[in-house]
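Observations on the model geometry
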Amino acid sequence: MQAKFKLRMWNWLLILVVALIPEYSPAELAPDALLIQEGTASFYGRRFHLKRTSNGEIFHMDSLTAAHKTLPFNTRIKVTRVDTGEFVWVRVNDRDPKTARRIIDLSRAADLKLGLIDEGITKVRIDVENPEEIARLIEYFGDSPPATMRLRPVEEAVIPPPLEIDTSIPFF
């Protein structure tokens, strides 16, 4: 009888301990952790439609692509309108002129998603997909990243493994 009572007491103690253990959730990155640039965006379309881009492919104004001064070709970036918060994911496949005041030129399709068709230009922020992409850009640019670009290493938080509970102990 005494052993059975102790076993029940241990079971209740175990239940209490498990209930008090905080639930682990993945740590979130800082809101601007993946931000690499802010500035003005515009769009280009008809005049360049079906002409060759800087990386050699044919430009289609209805594709989600962009021209950027320095980002490597095929870099996927998120372009967010500062004033409305609307965003679009595009792939860099062309170059902007080095003397342009804009940081990015978007295809007509990307422009439509951001609602730029009437304004023509707007303030935007450019983010990359993940910390690995920032590391790739840091390696790509080496010791001389563009002055207008914000590249700094981002470490992901260490997440402890889930707590395992021995369920072989019967609960009476």
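Notes on the structure follow. All values reported here derive from a predicted model rather than from experimental measurement.

**Considerations on helix α3 (residues 131–141)**
What sets the pattern is the α-helix's 3.6 residues per turn: residues three or four places apart point alike. Within α3, burial applies to Pro131, Glu133, Ile134, Leu137 and Phe141. Take α3 and look down its axis: the buried residues cluster within an arc of 155°, on one side only. Here the buried face of α3 lies against β1 (35–43) and β6 (121–128). Immediately beyond the C-terminal end of α3, within one or two residues, lies glycine 142, with a positive phi of roughly 65°.

**A look at the packing of aromatic side chains**
The description of two aromatic rings rests on the distance between their centres and on the angle between their planes. One pass over the full model with this rule turns up 3 aromatic pairs. Summarising the aromatic geometry, the rings of tyrosine 44 and phenylalanine 48 are spaced 5.4 Å apart at their centres and angled 70° between planes, so their arrangement reads as edge-to-face. Judged by relative accessible area, which is 8%, tyrosine 44 ranks as buried. On the basis of relative accessibility, which here comes to 32%, the residue phenylalanine 48 falls in the partly exposed class. Ring plane angle 85° and centroid distance 4.9 Å describe the contact between tyrosine 140 and phenylalanine 141, whose orientation is recorded as edge-to-face. Tyrosine 140 gets classed as partly exposed once you look at its relative accessible area, which sits at 46%. Every member of this aromatic cluster is reached through a ring pair, and the members are Tyr44, Phe48 and Phe59. Just above the ring of phenylalanine 87 sits the side chain of lysine 78; from NZ or CZ to the centre is 4.4 Å.

**Section: the environment of aspartate 94**
Within the secondary structure layout, aspartate 94 lies in strand β4 (residues 87–94). At 2.7 Å, the side chain of aspartate 94 forms a polar contact with the side chain of serine 54.

**Details of the pairing of β1**
Judged by how many residues are buried, β1 sits mostly within the fold: 7 of 9 residues are covered. Relative to strand β5 (residues 104–106), β1 runs parallel, the two sharing 3 bridges. By the bridge assignment, serine 42 is partnered in β5 with aspartate 105.

**So, the sheet that holds β5**
If you walk around this closed barrel you meet the 6 strands as β1-β5-β2-β4-β3-β6, and the pairing is mixed. Adjacent strand axes in the sheet meet at a mean angle of 45° when their direction is disregarded. Where β1 and β6 come together, 7 bridges link them in antiparallel fashion. Paired with glutamine 37 across the bridge in β6 is isoleucine 126.

**Here we look at the pattern of salt bridges**
Overall, the coordinates contain 7 salt bridges when judged by the stated rule. The closest approach of N and O atoms between glutamate 133 and arginine 136, which form a salt bridge, is 2.6 Å. Taken together, the positions of glutamate 133 and arginine 136, both in helix α3 and 3 residues apart, correspond to about one turn of that helix. Within the structure, one salt-bridge network assembled from shared partners comprises Arg81, Asp83 and Glu119.

**A short note on the environment of leucine 50**
Summarising the element assignment, leucine 50 is placed in the loop between β1 and β2 (65–68). C-alpha of leucine 50 to C-alpha of methionine 61: the two residues are 11 residues apart in sequence and 8.1 Å apart in space. Other than its neighbours up to four places away in sequence, leucine 50 contacts Ile58, Phe59 and His60.

**Notes on the pairing of strand β3 (residues 76–81)**
Both β3 and β4 contribute to a ladder of 5 bridges, which runs antiparallel. Opposite valine 79, over in β4, you have valine 88 as the bridge partner. Pairing of β3 with β6 involves 5 bridges; the strand directions are antiparallel. Bridge pairing links arginine 81 to valine 124 in β6.

Each value, and the rule that gives it
- Numbering of residues starts from 1 in each chain and follows the order in which that chain's sequence is written.
- For a predicted model such as this one, the threshold for reporting local features is a pLDDT of at least 70, and the threshold for listing and counting side-chain atom pairs is 80 or more; totals across whole chains, interfaces and linings nevertheless cover every residue.
- Computation of side-chain values: all heavy atoms of the structure, hydrogens and water removed.
- A 1.4 Å probe rolled over the protein chains alone gives each residue an accessible area, and that area as a share of the maximum for its type sets the label: buried under 20%, exposed over 50%, partly exposed in between.
- Secondary structure counts use DSSP, requiring at least four H or I residues in a row for a helix and at least two E residues in a row for a strand, with both numbered from the N terminus.
- Here, the arc refers to the directions that run from the helix axis to the C-beta atoms.
- Here, residues are in contact when the closest pair of their heavy atoms is within 4.5 Å.
- Pairing of aromatic rings covers Phe, Tyr and Trp, the last counted by its six-membered ring, and requires centre-to-centre distances within 6.5 Å; plane angles under 30 degrees mean stacked, over 60 mean edge-to-face, and any other angle means tilted.
- Any Lys NZ or Arg CZ found within 6 Å of a ring centre and within 35 degrees of that ring's normal is scored as a charge over the ring.
- In protein, a polar contact means a hydrogen-donor-capable atom and an acceptor-capable atom, both N or O and within 3.5 Å, with residues adjacent in sequence counting only if both atoms are side-chain atoms; elsewhere, any N or O pair within 3.5 Å suffices.
- By the convention used here, strands pair only if DSSP detects at least 2 bridges between them.
- Here the axes come from fitting lines to C-alpha atoms, over the contacting stretch only for helices, and the angles between their N-to-C directions go from 0 to 180 degrees.
- What makes a salt bridge here is a side-chain nitrogen of Lys or Arg within 4 Å of a carboxyl oxygen of Asp or Glu, nothing more.

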